Amino acid sequence: MKRLLTVMMLLCIAANYTLIIEEAHAQELSDEAFEATIARLNTIIPGIGRPDRWEFQILFSSTDSAVMCPLVPGYKTGNVRQPFIVSLFYGETEYIFHTSAEGFAIQPCDPKLGLIGMSQIATVEAAPDACMLTPSGGFANIRIQPDVEAQQTFTLEESRQVLGRDADTTWYLTTEGWVAGTVVTTSGDCSPNIVPERSTDIMIFSATPQVAATGGDGTIVTPVAVGTPVAGAPSDDLAAYTCPPSFAGYLPPRIRAGAVTAQVQLGGFPNTLRSLPTTQSDRVGQVQPGRRLDRVIQGPRCSDGFVWWQIDIDGRIGWTAESSVEDNEYYLEPTPGNEVAVQPAVPAAGEVAALPESASAITASNLASVRNVGTLEGDFNAFAWRGAENPVAAQGGGYVVIDATDLTTPFIAASDLNPMDMTTITTAPDPAIYAHGRDNGDVILYVEGEDPAQIAHTAAVNTIAFSPDSSRMATGSGDDAGAEDTWTLQLWDVPGMMNGVGENDLLRTVRFPFPVRDIAFSADGEQMAVIAERNGEAALWIYADGGEGANTLTLLLENTQGYVFVTPVPEGQGGDFVYAKGTALFSIDVATGTERLLYDQNNLLITDVAFNPATPEQMIVTNTSAASPDAPTGSIPLYAYDYSAFAATTPAPAVLDVIAGVDLAFNASGSVFTVRTLEGDVRFYAVP
């Protein structure tokens, strides 16, 4: 009845809308446009033939994609069209169309045709400033009204221009209908003057009847009342549902967070959606067998023998169980390409000596005192120090938190374990702030005492950097085989993100011609350097005003062979950043644009540089073989240089070890530095 009343209202609107008419017959409708309008009606009502008579009225010129049909929420196009109201009469029956003068755009504008939907418009060029949306995962469900219980009319798998929004911008209107903002990403100009608020009473009609939202087997989803009470008073603190180490007493997860990474298995019962990760919480929905989940937001959490994930399905968010240890059964399964291996155990390191509490410069006289005090063996893809004594590494999908005073007992922190590949870990100068990136594009920002904040790129996150005052976070993404529009940098306001991530917290987004590999802020926080690289092609960009300003400098980097980095120079040491071009190390002074060659090894690729915070003139350099980066020869030196001496000459380096390293990091006191090797081990060195 409600739908019938809505249609009747539209009919009334169609019968009474006011049009501004130009002087009659100021311009004639072309024969081509007239014939195209008849042809369009014959596609809607096959065999209806030619009309007995026809009439037209001319309207003001417009860029409206709906050719000024008042029943359709059109959008501004890139071309001005001359619209006409065209009436085709078959006996006493009139069919109304809005047609452009040359017949390029033809919009049915008659409710009795049942084809009010924008999908019936001929292709119209989008305006240059159009707001576009793209499904966050493989698809997004389109509905006739902005309501998760409304009839589904279309499954969107491509980008669409945004025609309008609801009052609080939680739903967007496209050519086929309404889509929830939680399952799409937007681009272009989406400001209110481009994307107007639309009445949510507008219904999008389809040429063929559609059933309600269905499961993978075609059965209609039966909505479950929101807030159905159940017994008990579950805790709303997610920490109460932390999974135990190695998932003891639970089935290990097989899915991961991300867009369209999981689905309900076929052949079983619908999955219940709950408000919290426990069977004692309210039921808030149901997901049918075979349904792909729009997004797995976070998890896993464990309770009652179930492993839980927070998901988004058709705009509704809740927790659903992946598995039950009692039934020894999985209810969710990964979608193709999103399979997750079980997290491996982390081997213990060897015996270690006590670590020094402070450090001095490494010189020829104390070189023998620099010693490898332990090795964390594994396949680690990222490493970071939090302060002086809290090193953290990422192996596959889990954090390994190491007690730096006893490297023999590393362990996986259960609260941080997550079965998806982490790509980078970074700690801010304030050790209470840190972040990690994932291969699905997610970035999780942690501030001690606050809830984590999450943002997302559309490709794997390669690098994260914090400004010296810890107020800004820059993230970079992209991979060689991915789409070019995923090769981006995002700059974020950290304090703002702690109050809930909003559009004002994203300070800027920049696209690059290659995937973004490394980012660094200068020691004074005034400059931000970005390196992007693909298949050996690389360049360095520098931005003013802490990353928010203009691109002041761009340098091509030759002969990198895929190894790129940029490191800030400590204040007072000369220059702003150091970076490598293959086997040569350079510094750059941003104010003057002066690039200076520090040295060229000729035979070894330079893969990273780190400065000792205790002795800023001390620079450690790691290398890997130029001849065969994937198969080191076993004779690659780990160097220590006096950076300040480069002003006058190329100083002789101290050789600390023979190791093929790719990443370097010092702890906050400068007493220990680490080298991540090509093989994935992390080696710890004590500085005398």
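Since the structure is predicted, the reported quantities are computational estimates derived from the model, not experimental observations. (Residues numbered from 1 in each chain as written. Predicted model: local features only at pLDDT ≥ 70, side-chain atom pairs only at ≥ 80, totals over all residues. Heavy atoms only, no water.)

Here we come to the sheet that holds strand β36 (residues 506-511). The sheet built from four strands is open, its strands ordered β33-β34-β35-β36 with antiparallel pairing. Looking at strand neighbours, the two that pair on one side only are β33 (461-466) and β36, the edges of this open sheet. Here the strands of the sheet are splayed against their neighbours by 15° on average, with no regard to which way each runs. For β33 and strand β34 (residues 472-477), the ladder comprises five bridges, and the chain directions are antiparallel. The residue bridging F466 from the neighbouring strand is M473, located in β34. (Pairing = 2+ DSSP bridges. Helix = DSSP H or I, 4+ residues; strand = E, 2+ residues; numbered from the N terminus. Axes fitted to C-alpha atoms, helices over the stretch in contact; angles between N-to-C directions.)

Among the nine residues of strand β21 (residues 316-324), eight are classified as buried, and the element is accordingly described as predominantly covered. Direction of pairing for strand β20 (residues 306-313) relative to β21: antiparallel, over a ladder of eight bridges. Within β21, the position partnered with Q310 by the bridge is W319. Adjacent in sequence and paired antiparallel, β20 and β21 are bridged by two residues, among which D314 carries a positive phi angle near 55°. In the sheet, β21 pairs with strand β22 (residues 329-330) via two bridges, with the strands oriented antiparallel. Looking at β22, one finds that S324 is bridged to E329. Linking β21 to β22, which pair antiparallel, is a turn of four residues; within it N328 sits at a positive phi near 55°. (Buried < 20%, exposed > 50% of the residue type's maximum accessible area, 1.4 Å probe, protein only.)

To continue, consider the sheet that holds strand β40 (residues 551-557). Taken in spatial order, the four strands of this open sheet run β37-β38-β39-β40, and their pairing is antiparallel. Each edge of the open sheet carries a strand with a single partner, namely β37 (516-521) and β40. Here the strands of the sheet are splayed against their neighbours by 15° on average, with no regard to which way each runs. Strand direction decides the pairing type here: strand β39 (residues 537-543) and β40, joined by six bridges, are antiparallel. Residue pairing across strands places Y543 opposite N551, the latter belonging to β40.

As a further point, take the state of the cysteines. By the definition in use, this model includes two disulfides. Disulfide partner of C131: C190, at an S-S distance of 2.0 Å. Since a negative S-S torsion denotes a left-handed disulfide, the C131-C190 link at about 85° is right-handed. Taken as a pair, C131 in strand β7 (residues 131-135) and C190 in the loop between β14 (184-188) and β15 (258-259) lie far apart in primary sequence, 59 residues in all. (Disulfide = S-S within 2.5 Å.)

A rise of 1.5 Å per residue sets the reference length of helix α2 (residues 31-44), with its 14 residues, at 20 Å; its end C-alpha atoms lie 20 Å apart and thus fit the reference within 8%. Inspection of α2 places A33, F34, T37, I38, R40, L41 and I44 among the buried residues, and these make up the whole buried set. All buried residues of α2 lie within an arc of 155° about the axis, which places them on one face of the element. Across from the buried face of α2, at angles greater than 90 degrees, the exposed residues are D31, E32 and T43. (Expected span 1.5 Å × (residues − 1). Arc of directions from axis to C-beta.)

Attention now moves to the environment of V516. Among the structural elements, V516 can be located in strand β37. When its relative accessible area of 0% is taken as the criterion, V516 is described as buried. Among residues more than four places away in sequence, those in contact with V516 are N462, T463, G476, S477, W487, T488, L489, V530, I531 and A532. (Contact = heavy atoms within 4.5 Å.)

Moving on to the pattern of salt bridges. Evaluated as defined, the whole model comprises eleven salt bridges. A salt bridge links R438 to D442; the nearest nitrogen and oxygen atoms lie 4.0 Å apart. The class of R438 is buried, set by a relative accessible area of 5%. The structure contains a network of salt bridges with shared partners spanning R295, R438 and D442. (Salt bridge = Lys/Arg side-chain N within 4 Å of Asp/Glu carboxyl O.)

Take a negative patch on the surface next. Side chains of D236, D237, E450 and D451 sit close together on the surface and give a patch of like negative charge. One can find D236 in the loop between β14 and β15. The class for D236 is exposed, based on a relative accessible area of 66%. (Patch = residues over 30% accessible without salt bridge, like charges linked within 9 Å, V, L, I, M, F, W, Y side chains within 5 Å. Areas by Shrake-Rupley, 256 points an atom, 1.4 Å probe, with all protein chains shown as cover. Lys, Arg positive; Asp, Glu negative; His and termini not counted. Charge placed at Lys NZ, Arg CZ, Asp CG, Glu CD.)

A full pass over the atoms with the stated rule returns 20 aromatic pairs. Ring geometry for F56 and F84: centres 5.4 Å apart, planes at 70°, overall edge-to-face. In this pair, F56 sits in strand β1 (residues 53-58) while F84 sits in strand β4 (residues 83-90), placing the two residues 28 residues apart along the sequence. Just as F56 is buried, F84 falls in that class too. The interplanar angle of 90° and the centroid separation of 6.5 Å between the aromatic rings of F512 and Y543 together place this pair among those described as edge-to-face. Separated by 31 residues along the polypeptide, F512 in the loop between β36 and β37 and Y543 in strand β39 bring together distant segments of the chain. Y543 carries the same exposure label as F512, and that label is buried. Taken together, Y599, F611, Y639, Y641, Y643 and F646 form an aromatic cluster joined through their ring pairs. Over the ring of F89 we find R53; its NZ or CZ atom is 3.7 Å from the centre of that ring. (Phe/Tyr/Trp six-rings, centres within 6.5 Å; stacked < 30°, edge-to-face > 60°. Lys NZ or Arg CZ within 6 Å of the ring centre and 35° of its normal.)

Our focus in this paragraph is the pairing of strand β38 (residues 528-534). Within β38, six of the seven residues are buried, leaving the element largely enclosed by the surrounding structure. Bridge count between β37 and β38: five bridges; the pairing is antiparallel. Across the sheet, A520 pairs through a bridge with A529, a residue of β38. Hairpin connection, β37 to β38: the antiparallel pair is bridged by six residues, and G525 has positive phi, about 75°. Linkage of β38 to β39, two consecutive antiparallel strands, is achieved through a turn of two residues, within which N535 is found at a positive phi near 50°.

Ranked by internal contacts, the top residues of the largest apolar core, which has 18 residues, are V287, L293, V296, C302, W309 and I311. For this core, the secondary structure elements donating two or more residues are β16 (262-264), β18 (283-287), β19 (295-303) and β20. Among the elements that take part in this core, β20 stands out by supplying four residues, more than any other. (Core = buried A, V, L, I, M, F, W, Y, C linked by side-chain atoms within 4.5 Å.)

This next bit is on unusual backbone geometry. The peptide bond linking G299 to P300 adopts the cis configuration, its omega dihedral lying at 0°. Summarising the element assignment, P300 is placed in strand β19. Of note in this structure, D304 is not a glycine but carries a positive phi near 60°. Notably, N559 is not glycine yet its phi reads approximately 60°, a positive angle. For N559, the location among the structural elements is in the loop between β40 and β41 (566-568). Taking relative accessible area as the criterion, N559 reaches 58% and is therefore assigned exposed.

This part covers the confidence of the model for the chain. For the chain, per-residue confidence averages 76 on the pLDDT scale, and residues scoring 70 or more make up 75% of the total. When pLDDT is averaged over each helix and strand of the chain, the minimum, 39, is found for helix α1 (residues 2-16) and the maximum, 97, for β41. Low pLDDT, under 50, characterises residues 1-26; the stretch is placed with 29 contacts to residues that sit more than four places away or in other chains. Contacts from residues 202-232, a stretch scored under 50 in pLDDT, to residues over four places away or in other chains number 79 contacts. (pLDDT = per-residue confidence, 0-100.)

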